[in-house]
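Structural characterization, general
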Amino acid sequence: MRYLPIHVDLKEAKILIVGGGRAAEAKMRTLVNTQAALIVVAMDISDEIQKWVSADKCVWKQRAYKKSDISGVRLVYLASEDIALDSRVAEHAHAQNILVNRADDKQASDFFSPAIIDRSPVTISIGTEGTSPALARALKQDIESRLPNNLGKFALMLAKSRKRLMGILPSFAARQHFWATLFNGSDLTTKLSWDEAMVESKVSAQLAGLDSSSGHVALVGAGPGDPDLMTHQARHKLFSADVIVYDRLVSKDVLGFGRKEAEYIYVGKNPNGRTTPQEEINKILVAKAKKGLSVVRLKGGDPLIFGRADEEVDVLVAAGISFEICPGITSAAAAAAAIGVSLTARGQNKAVSLITGHDTKGFAEQDWTGLARPDARAAIYMGIGAARFIQGRLLVHGASAQLPVSVVENASCPEQKIVSSRLGTLADDLETQGIKGPAILMIGYAVRDVKKLQLVKTITKTGR
Ligand code: SAH
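Below is a short write-up of the structure. (Residues numbered from 1 in each chain as written. Predicted model: local features only at pLDDT ≥ 70, side-chain atom pairs only at ≥ 80, totals over all residues. Heavy atoms only, no water.)

In this section: the pattern of salt bridges. As enumerated under the stated definition, the model contains 19 salt bridges in all. For R164, the salt bridge identified is with E200, shortest N-O distance 2.4 Å. Of this pair, R164 sits in helix α5 (residues 151-168) while E200 sits in helix α8 (residues 196-208); the two residues are 36 residues apart in sequence, bridging distant segments of the chain. Between R297 and D247 there is a salt bridge, with its nearest N and O atoms 3.1 Å apart. Note that R297 is positioned in strand β11 (residues 294-299) and D247 in the loop between β9 (243-246) and α10 (252-255), a separation of 50 residues in sequence. For the residue pair R297 and D247, the accessibility class agrees, reading buried in each case. The network of salt bridges with common partners includes D242, R259, K260 and E261. (Salt bridge = Lys/Arg side-chain N within 4 Å of Asp/Glu carboxyl O. Helix = DSSP H or I, 4+ residues; strand = E, 2+ residues; numbered from the N terminus. Buried < 20%, exposed > 50% of the residue type's maximum accessible area, 1.4 Å probe, protein only.)

See the structure below:
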């Protein structure tokens, strides 16, 4: 993100527009809706700008630009359609650290005008950093069509209730939690249609049922990495969380769904290789929930698959803290999708084992005889370090060296990598390909041939 979208208070701020033609008019169309003091410097102005002058929405100085026009100005719009003049004004403005937007030169602009959806006081701005104004407009149209006209009025009603709530719930986190809970759920459209009485009654009803001393913990599956593969529930939970306790394998994009005011606690592996002990994580969950906070324990994939969820749940139950579990897409499912094959296929395998390469004692022992059978299929988690061990065990128990093994690293993420290997060469292939993980070893699964895989990818994309 090179450009930061911010909402600046322009009440009575002086804005200079140099030029009075179509380019200036285009910029001013939005500016006249603000409370800024607009000053147009130009020899001639368009009919539209003339109308704004007559309506006292801006002041027109009918003369050439003078250096003194810059003084006391907050923003400058250069739209004279005279490159030399625009450059001169830009130089004057920059000498005083005033931000400039140039209609003739996007590269030389300090800021862009975003596409704006104006339901004041609710405004939504869409920027593409100059890559495609047409895309911004298309997005604007799409979003605009989903928003009710009374959105601004609705926001003003909420402002009133917020004031009332300040006196009742002194804790900032408690108030945030209150509003997040009110907006929780999928029926936002219905909520946006509430009138003032309805807002008041909903707020009162929720207040009546509130026990501000009780916190809550949600064990949430973040999915394999692609934020599109998160559940709606996971997003809602993240959005309303006061505290987010997360693992190493939770992607940055997924974390982005949390509020910036939330407290983020990382409990994954540190650079020194030390993992936060489970007891410490348990203590954090209990301590935060006991403060009355809403805690999300965010885990990669599905929390119930190699996620040590039971240990956390046991501690929460013992401490009398309410909890819930929000499932997620496990990485083996994302890996299967990546190689374009079914985890279970009629006439081929009746079962699939989800197994781990490591357990508390080191490399994990499994029912190797069963796994070495020709129709056995397995998705192995945490198996990269144990690949040579797994390979050896399966071969010793009679599996074919030709058995296909697909390895999917960073499934669903932009850096996803697929290695198409065979049992006999698995560990060497992983080394040659530099696979470090996180990755799933798909034992007995061959990558679908490339042409068909392309097709699978296309279908997945258009299906979104
Ligand atoms: N609860 C998680 C698994 C946690 S164990 C889930 O349901 O996916 C951690 C292991 O998961 C990693 O060692 C790796 O084997 C696998 N894993 C997690 N994310 C992955 C990803 N995006 N691609 C491939 N494997 C992944």
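Strand pairing in a sheet takes place through backbone hydrogen bonds and is either antiparallel or parallel in direction. Here we have five strands laid out as an open sheet, ordered β10-β9-β11-β8-β12, and parallel in their pairing. Of all the strands in the sheet, just β10 (263-266) and β12 (322-326) have a single pairing partner and so form its edges. When the angles between neighbouring strand axes are averaged without regard to direction, this sheet yields 20 degrees. Here four bridges tie β9 to β11, and the two strands are oriented parallel to one another. The partner of I244 across the bridge, within β11, is V296. Contacts from helix α11 (residues 278-290) reach β8 (216-221), β9, β10 and β11, with the element oriented near 155 degrees to β11. (Pairing = 2+ DSSP bridges. Axes fitted to C-alpha atoms, helices over the stretch in contact; angles between N-to-C directions. Contact = heavy atoms within 4.5 Å.)

Overall, mixed pairing links the five strands, which are arranged β13-β16-β19-β17-β18 in an open sheet. Because the sheet does not close on itself, it has two edges, and the strands there are β13 (353-356) and β18 (417-422). With strand direction ignored, the average angle separating the axes of adjacent strands in the sheet is 20 degrees. Pairing of strand β16 (residues 378-381) with strand β19 (residues 439-443) involves three bridges; the strand directions are antiparallel. Pairing of A378 across the sheet is with I443, part of β19.

Interpretation in functional terms is not warranted from these geometric data alone.
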